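Remarks on the overall topology
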Amino acid sequence: MIIYAHNIKYPYLLVFDIEFDQTTLVQFCGLLFKRIGDGIYQLARSCNQYVALNKVSYPFQQYTGITKQFLQDNGTRLTDVVQVVLDEFLEDVDKSQMLIVSHGLKNDRKILLENKLNLMYDEKTLKDIDGYCTFCHAKTILKRNNNLKLDDLARECGFYLDGAHNAFHDAWATVAVFTWLQKLEGEK
């Protein structure tokens, strides 16, 4: 998969989404793109992990469709998810050379940090990892305060989001919204 991100110069783009129950991480999906040309990025690797939980709240289950049984069948321990993301998925990526993209970035980073998955700053250099919030940028670029949910924006940019509130599907929708917003910013 190759995408175009107008005026983006970072060697890596990490587009991610999470699902969480209150503050407990339930699902992490990351799509790591590597720059191969001027604004051109190729998918280098992806990661989709579920956390095995003994209990999920009724509102979470209704919102996402993810059940306790599904998580017990398909999930792993939180410590294993964190290890897979940091030590395998992002193992050789210089975080100072990466732009992190999410729809609701501030909250997503906070939830991840509470679950021992740090995407706020590089632990070696203590420098912040640059981020781009598609929600905040859409609000500014589109000059509006409504219809800013991910599925609204995805539909507006031509991406049909089947399976909203599943981090895998939402991460791909975030890719579509991000590249669309970059195009709109470039036209100004």
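What comes next is a walk through the structure.

What counts, and where the lines are drawn
Residues numbered from 1 in each chain as written. Predicted model: local features only at pLDDT ≥ 70, side-chain atom pairs only at ≥ 80, totals over all residues. Heavy atoms only, no water. Helix = DSSP H or I, 4+ residues; strand = E, 2+ residues; numbered from the N terminus. Rg over C-alpha atoms; globule rule 2.2 N^0.38 Å. Contact = heavy atoms within 4.5 Å. Areas by Shrake-Rupley, 256 points an atom, 1.4 Å probe, with all protein chains shown as cover. Lys, Arg positive; Asp, Glu negative; His and termini not counted. Charge placed at Lys NZ, Arg CZ, Asp CG, Glu CD. Buried < 20%, exposed > 50% of the residue type's maximum accessible area, 1.4 Å probe, protein only. Arc of directions from axis to C-beta. Salt bridge = Lys/Arg side-chain N within 4 Å of Asp/Glu carboxyl O. Phe/Tyr/Trp six-rings, centres within 6.5 Å; stacked < 30°, edge-to-face > 60°.

Section: the overall build of the chain
A count of helical and extended segments in the chain gives seven helices and six strands. Helices and strands in the chain line up, N terminus first, as β-β-β-β-α-α-α-β-α-β-α-α-α. Taken against the 2.2 N^0.38 rule, which gives 16 Å for 188 residues, the C-alpha radius of gyration of the chain at 16 Å falls within 12% of a compact globule. Dimensions of the chain, computed from the C-alpha atoms along their principal axes, are close to 50 × 40 × 30 Å. Partitioning the contacts of the chain with sequence separation of at least 6, the portion at a separation of at least 24 is 64%. Counting every atom, the chain has about 9,900 Å² of accessible surface; 49% of that belongs to carbon and sulfur. Of note, the chain has its 21 positive side-chain charges centred 5 Å away from the centre of its 24 negative side-chain charges.

Remarks on helix α3 (residues 78–89)
Taken residue by residue, α3 has Val81, Val82, Val85 and Phe89 as its buried positions. Projected down its long axis, α3 carries its buried residues within an arc of 110°, all on one side. Packing partners of the buried residues in α3 comprise β2 (12–21), β3 (24–37) and β4 (40–50).

Let's talk about the pattern of salt bridges
Summed over all chains, the structure comprises seven salt bridges. We note a salt bridge from Arg144 to Glu156, for which the minimum N-O separation is 2.5 Å. Here Glu156 lies in helix α6 (residues 150–156) and Arg144 lies in the loop between α5 (134–142) and α6, a separation of twelve residues in the sequence. Across the salt bridge formed by Arg155 and Asp152, the nearest N and O atoms sit 3.7 Å from each other. In this pair, Arg155 and Asp152 are both assigned in helix α6, three residues apart and thus about one turn of the helix distant. For Arg155, a relative accessible area of 57% translates into the label exposed. For Asp152, a relative accessible area of 16% corresponds to the buried category. One connected set of salt bridges, linked through shared partners, spans Lys9, Arg35 and Asp38.

Some details on the packing of aromatic side chains
Per the counting criterion, the structure on display carries four aromatic pairs. Taking the centre distance of 6.0 Å and the plane angle of 20° together, the rings of Phe16 and Phe28 count as stacked. Taken as a pair, Phe16 in strand β2 and Phe28 in strand β3 lie far apart in primary sequence, twelve residues in all. Taking relative accessible area as the criterion, Phe16 reaches 0% and is therefore assigned buried. With a centroid separation of 6.3 Å and an interplanar angle of 85°, the aromatic rings of Phe33 and Trp172 are classed as edge-to-face. Of this pair, Phe33 sits in strand β3 while Trp172 sits in helix α7 (residues 167–187), and the two are 139 residues apart along the sequence.

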